[in-house]
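# Fold and geometry: a report
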Amino acid sequence: MSIINTILNHTVTEKISQCINKVQIDELPVLVIKHPTCQAAIALQGAHLLFWQPTAQELANNAPVLWLSDKSQFKSGVAIRGGVPICWPWFGTVSSPSHGFARNLEWTLTAHKESEQGVEISLSLQDSPATKAYWPHAFKVEVTIKLGTTCEINLSSFGDYSITSALHTYFGISDIDAITVTGLGNDYIERLAQENLPKIVGEMTFDQEVDRIYTHPEDVAYIKDQNRTIKITHYNHSDVVTWSPWIDRAKSIADLDDESYKTFVCVETCRIHQPIVAKNDTHSYGVKIEVLD
Ligand code: TA6
């Protein structure tokens, strides 16, 4: 059984509302959302949206819109592979842990509501002795996730600091050979150090590892797949990162199956080359994901 089906069918430990139940996957509490418009799950650790599947895109016939690795660990303090990791307050390996500490700590469920249109869930994280061990600043960061026929994620950061951040979304695809990604623009920072770097600019296709920070992306990116197009609308972003680990890198990542690189691509909504500079005020950015046929 796939990890997504395991989560969806897991024993409920707490009923939170008509559409939201809590389950325990190994060491981590997970919110499972079952609404007429969609199914989804969010781990409290990292406020990590693990998957979201609009009802019209039945899992049996389609790749999940948000991809989750079957080898993901559900361990306290260990980042989950797939879905939408929230990288905060830094992107990448400029400090440790990789992509910031927010995805490794448990967030608090602060609000939830539901209507015919879907479910809205907010979670927050603020400074504590655990965060001060990584980073000296006072802060509050809140994510609001709206799940229905579309998926919207808004991240609001409050504090006095300069930070980088990403909604590091893993999208499910039929085959990495069959997709194109558009809307990235032409300017990018290459993150790979190897020789024979990918040369394609503009409409991206994939035939080797790709890891780029696009610095002048359009507001809307499209992943064009064989049977569907995923529309990704970013706002208040400065960059879009595109990542495919390809064969060798996938083999080096413990929580990825060797062949799984074929079935996902990361198109990430980011604040990297224009960091979020906060002066005791709140800054938000986010993304809306839709499936077009
Ligand atoms: O966003 C792309 C990237 O930074 C890659 O360089 C790759 O390492 C990936 O994220 C995954 O990082 P992680 O720390 O989750 O293993």
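Above this note sits the structure.
Below or above, wherever it landed, is the structure these notes cover.

### Section: the overall build of the protein chain
A count of helical and extended segments in the protein chain gives three helices and 18 strands. What you see for the protein chain is a C-alpha radius of gyration of 18 Å, in line with the 19 Å of a compact globule of 293 residues. With respect to the principal axes defined by its C-alpha atoms, the protein chain has extents near 50 × 45 × 35 Å. Within the span of the protein chain, comprising 293 residues, buried residues form 55% of the whole. Long-range pairs, those at least 24 residues apart, make up 62% of the contacts in the protein chain between residues at least 6 apart in sequence. Of the roughly 12400 Å² of accessible surface on the protein chain, 46% is carried by carbon and sulfur atoms.

### Here's the deal with the sheet that holds strand β1 (residues 12-15)
Two orientations exist for strands paired in a sheet by backbone hydrogen bonds: parallel and antiparallel. Reading across the sheet, the five strands line up as β1-β2-β3-β4-β5 and stay open at both edges, with antiparallel pairing between neighbours. Each end of this open sheet is capped by a strand with a single partner; those strands are β1 and β5 (48-54). Geometrically, the sheet is characterised by an average inter-axis angle of 20 degrees between neighbouring strands, direction not taken into account. Pairing geometry for strand β3 (residues 28-35) and strand β4 (residues 38-43), over six bridges, is antiparallel.

### Focus on the site of the ligand
Close contacts around the ligand come from Arg81, Phe91, Ser98, His99, Arg103, His168, Arg191, Asp211, Val241, Trp243, Arg249 and Glu268, and that covers them all. Between the ligand and His168 there is a distance of 2.9 Å, counted from an oxygen atom to a side-chain nitrogen or oxygen. The side chain of Asp211 places a nitrogen or oxygen atom 2.5 Å from an oxygen atom of the ligand. Burial of the ligand by the protein chains amounts to 86% of its free accessible area of 390 Å². The class makeup of the residues in the shell around the ligand is three nonpolar, three polar and six charged.

### Things to note about unusual backbone geometry
Residue Trp88 is joined to Pro89 through a cis peptide bond whose omega torsion reads 0 degrees. Summarising the element assignment, Pro89 is placed in the loop between β6 (86-87) and β7 (108-115). Along the chain, Ser96 connects to Pro97 via a cis peptide bond; the corresponding omega equals 5 degrees. Within the secondary structure, Pro97 sits in the loop between β6 and β7.

### Concerning the environment of His273
Residue position: His273 is located in strand β18 (residues 264-292). In this structure, the C-alpha to C-alpha distance between His273 and Thr164, residues 109 residues apart in sequence, is 8.1 Å. Non-local contacts of His273, meaning those with residues more than four positions away in its chain, are made with Thr215, Ser238 and Asp239. There is a polar contact of 2.5 Å between the side chain of His273 and the side chain of Asp239.

### A word on the state of the cysteines
Considering all chains together, one arrives at zero disulfides under this definition. Cys38 provides the cysteine sulfur closest to Cys151, a residue in no disulfide bond, and the two sulfurs are 8.3 Å apart. The buried category is assigned to Cys151, whose relative accessible area is 0%. The thiol of Cys270 is not disulfide-bonded; the next cysteine sulfur, from Cys87, is found 7.4 Å away. Classification of Cys270 by relative accessible area gives buried; the value is 0%.

### Thoughts on the pattern of salt bridges
In the structure shown here, the tally under the stated rule is eight salt bridges. The closest approach of N and O atoms between Arg81 and Asp255, which form a salt bridge, is 2.8 Å. With a gap of 174 residues between them, Arg81 in the loop between β5 and β6 and Asp255 in the loop between α3 (246-252) and β18 connect regions that are remote in the sequence. Residue class for Asp255 comes out buried when judged on its relative accessible area of 11%. Between Lys132 and Asp127 there is a salt bridge whose closest N-O contact spans 3.5 Å. On the basis of relative accessibility, which here comes to 26%, the residue Asp127 falls in the partly exposed class.

### Things to note about the packing of aromatic side chains
Taken as a whole and judged by the stated rule, the model has 17 aromatic pairs. On the basis of an interplanar angle of 85 degrees and a centroid distance of 6.4 Å, the ring pair of Trp88 and Phe101 is categorised as edge-to-face. In this pair, Trp88 sits in the loop between β6 and β7 while Phe101 sits in the loop between β6 and β7, placing the two residues 13 residues apart along the sequence. For the pair formed by Trp88 and Phe101, the shared burial category is buried. Between the aromatic rings of Phe101 and Trp135, the centroid separation amounts to 6.1 Å while the plane-to-plane angle is 50 degrees, which identifies the pairing as tilted. Placement of the pair is Phe101 in the loop between β6 and β7 and Trp135 in the loop between α2 (129-132) and β9 (139-147), with a sequence separation of 34 residues. Accessibility assignment for this pair places Phe101 and Trp135 in one class, buried. Members of the aromatic cluster, connected to one another through ring pairs, are Trp88, Trp90, Phe101, Tyr134, Trp135, Phe139 and Tyr161. Sitting above the plane of the Tyr188 ring, Arg212 keeps its charged end 3.8 Å from the centroid.

Parameters and conventions
Residues numbered from 1 in each chain as written. Predicted model: local features only at pLDDT ≥ 70, side-chain atom pairs only at ≥ 80, totals over all residues. Heavy atoms only, no water. Helix = DSSP H or I, 4+ residues; strand = E, 2+ residues; numbered from the N terminus. Rg over C-alpha atoms; globule rule 2.2 N^0.38 Å. Buried < 20%, exposed > 50% of the residue type's maximum accessible area, 1.4 Å probe, protein only. Contact = heavy atoms within 4.5 Å. Areas by Shrake-Rupley, 256 points an atom, 1.4 Å probe, with all protein chains shown as cover. Pairing = 2+ DSSP bridges. Axes fitted to C-alpha atoms, helices over the stretch in contact; angles between N-to-C directions. Near = heavy atom within 4 Å. Polar contact = N/O pair within 3.5 Å; in protein donor to acceptor, adjacent residues only side chain to side chain. Nonpolar A, V, L, I, M, F, W, Y, C, P; charged D, E, K, R; others polar. Disulfide = S-S within 2.5 Å. Salt bridge = Lys/Arg side-chain N within 4 Å of Asp/Glu carboxyl O. Phe/Tyr/Trp six-rings, centres within 6.5 Å; stacked < 30°, edge-to-face > 60°. Lys NZ or Arg CZ within 6 Å of the ring centre and 35° of its normal.

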